[in-house]
Amino acid sequence: MIEKKTVCQIVEEWLEGKDYFLVEVTVSPDDKIVVEIDHAEGVWIEDCVELSRYIESKLNREEEDYELEVGSAGIGQPFKVLQQYYIHIGQEVEVMTKGGQKLTGVLKDADEEKFTVSVQKKVKMEGAKRPKLVEEDETFTYEQIKYTKYLISFK
């Protein structure tokens, strides 16, 4: 069986000096290898092909047959690595907490321990007849959430 660690090392070699980053590598027991990469400006098919060829050049099909799939982290899929938070700062995201609360807002900040989302809430001000929309920052640790994902807006 092909080792996940081996594939990760090969991918990291290819990534060196590039703005891409590794999101995930999976290797199934039947040697299906799936590599997900990402980039702040999106992933180009030509780069996926180049990475795929690079991986194939480093693995020996004579020793072990495998299936290889190289692609980008899926749009609308939950974030898997911290760098995905960094590249989506300023963009709209959906957050699902472990408590079942779903929020939509703009990702304002992220670091290794926590991230902040600016959400709009309806608040009834004292003396007002109707609730007013106000922007409020919500900060979460990564342990508090089930997922965060980028939302595509067609405004």
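Residues numbered from 1 in each chain as written. Predicted model: local features only at pLDDT ≥ 70, side-chain atom pairs only at ≥ 80, totals over all residues. Heavy atoms only, no water.

For the record, the criterion: UniProt positions are given in the numbering used here, feature names are shortened, and annotations may be inferred rather than shown by experiment.
As annotated in an unreviewed UniProt entry, the protein chain is Ribosome maturation factor RimP from Bacteroides finegoldii CL09T03C10. As its UniProt record puts it under Subcellular location (unreviewed entry), the protein chain is described as follows: "Cytoplasm". Reading the Sequence similarities (unreviewed entry) entry of the UniProt record for the protein chain gives the comment "Belongs to the RimP family."

**Section: helix α1 (residues 4-15)**
Defined as follows: Numbered from the N terminus, helices here are DSSP runs of H or I no shorter than four residues, and strands are runs of E no shorter than two. A helix is expected to span 1.5 Å multiplied by its residue count minus one. The classification of residues rests on relative accessible area computed with a 1.4 Å probe and restricted to protein chains. Under 20% of the type maximum is buried, over 50% is exposed, and intermediate values are partly exposed. When we speak of the arc, we mean the arc of directions from the helix axis to the C-beta atoms.
The terminal C-alpha atoms of α1, which comprises twelve residues, lie 16 Å apart, in line with the 16 Å expected from a rise of 1.5 Å per residue. All of the buried residues in α1 are Val7, Ile10, Val11, Trp14 and Leu15. Relative to the axis of α1, the buried residues are bounded by an arc of 140 degrees and lie together on one face. Taken from the residues just after α1, Gly17 is the one with a positive phi, measuring 85 degrees.

**Describing the packing of α1 against helix α2 (residues 45-58)**
The test is simple: In this analysis, axes come from line fits to C-alpha atoms, helices being fitted only over the stretch in contact, and the angle between any two N-to-C directions falls in the range 0 to 180 degrees. Oblique is the label for any angle not covered by the other classes, which are roughly parallel (under 35 degrees), roughly antiparallel (over 145) and roughly perpendicular (65 to 115). Left-handed describes a crossing whose near helix is turned anticlockwise from the far helix by less than a right angle; the clockwise case is right-handed. Contacts between residues were defined by any pair of non-hydrogen atoms, one from each residue, lying within 4.5 Å. Residue polarity follows a fixed list, in which Ala, Val, Leu, Ile, Met, Phe, Trp, Tyr, Cys and Pro are nonpolar, Asp, Glu, Lys and Arg are charged, and the others, Gly among them, are polar.
Where α1 meets α2, the axes come as close as 10 Å, and the angle between the chain directions of the two elements is 130 degrees. Taken together, the axes of α1 and α2 lie oblique to each other. Like other packed secondary-structure pairs, α1 and α2 cross with a definite hand, here right-handed. Taking contact as the criterion, the partners of Ile10, Val11, Glu13 and Trp14 in α1 are, on α2, Asp47, Glu50, Leu51, Tyr54, Ile55 and Lys58. Of the residues assigned to the contact of α1 with α2, the class counts are six nonpolar, no polar and four charged.

**Notes on the packing of aromatic side chains**
To keep things clear, this is the line we draw: To pair, rings of Phe, Tyr and Trp, with the six-membered ring standing in for Trp, must have centres within 6.5 Å; the planes then decide the type, stacked if under 30 degrees apart, edge-to-face if over 60, and tilted in the middle. Lysine NZ or arginine CZ positioned within 6 Å of the ring centre and within 35 degrees of the ring normal marks a charge as sitting over the ring.
Going through the model one piece at a time under the given rule, you end up with six aromatic pairs. One Lys or Arg, Lys18, reaches over the ring of Trp14 and ends 4.4 Å from the middle of that ring. Its guanidinium or amino end placed over the ring of Tyr66, Arg61 lies 4.0 Å from that ring's centre, counting from NZ or CZ.

**A look at the side chain of Ser118**
The line we're drawing: Pairs of N or O atoms within 3.5 Å make up the polar contacts considered here, provided that, within protein, one atom can donate a hydrogen while the other can accept it, and that residues adjacent in sequence are counted only when both atoms are side-chain atoms.
Looking at the element boundaries, Ser118 is found in strand β6 (residues 114-123). Engagement of the side chain of Ser118 in a polar contact is seen with the side chain of Glu135, the distance being 3.1 Å. Each residue touching Ser118, except ones within four places of it in the same chain, is listed here: Gly105, Val106, Lys108, Glu135, Glu136 and Asp137.

**Description of the pattern of salt bridges**
Under the convention used in this document: Definition used for salt bridges: Asp or Glu carboxyl oxygen within 4 Å of a side-chain nitrogen of Lys or Arg.
Evaluated as defined, the whole model comprises eleven salt bridges. Between Lys80 and Glu24 there is a salt bridge; the shortest N-O distance is 2.9 Å. Here Lys80, found in the loop between β3 (67-72) and α3 (82-87), pairs with Glu24, found in strand β1 (residues 21-27); they are 56 residues apart in sequence, far enough to count as distant. Look at Glu24 and you get partly exposed, because its relative accessible area is 30%.

**Structural notes on the domain arrangement of the protein chain**
When the parts of a complex come together, some accessible area is lost, and that lost area is often taken as the interface size. We count it as follows: An automatic or database domain assignment supplies the start and end points of every domain. Buried area is calculated as the accessible area (1.4 Å probe) missing from two parts once they are joined, with the contributions of both summed.
On domain assignment, one finds that the protein chain holds domain 1 (2-70) and domain 2 (80-148). Of note, the centres of domain 1 and domain 2, computed from C-alpha atoms alone, are 33 Å apart. Every contact between the two is made by eight residues of domain 1 and, on the other side, five residues of domain 2. Roughly 570 Å² is buried in total at the junction of domain 1 and domain 2, and carbon and sulfur atoms are behind 62% of that figure. Counting every contact that joins domain 1 to domain 2 gives two salt bridges. Run the count over domain 1 and domain 2 and you get two residue pairs in polar contact (both at pLDDT 80 or more). Among the elements that make up the side of domain 1 that touches domain 2, the one with the highest residue count is β1 (four residues). Classifying every residue of the side of domain 1 that touches domain 2 gives four nonpolar, one polar and three charged.

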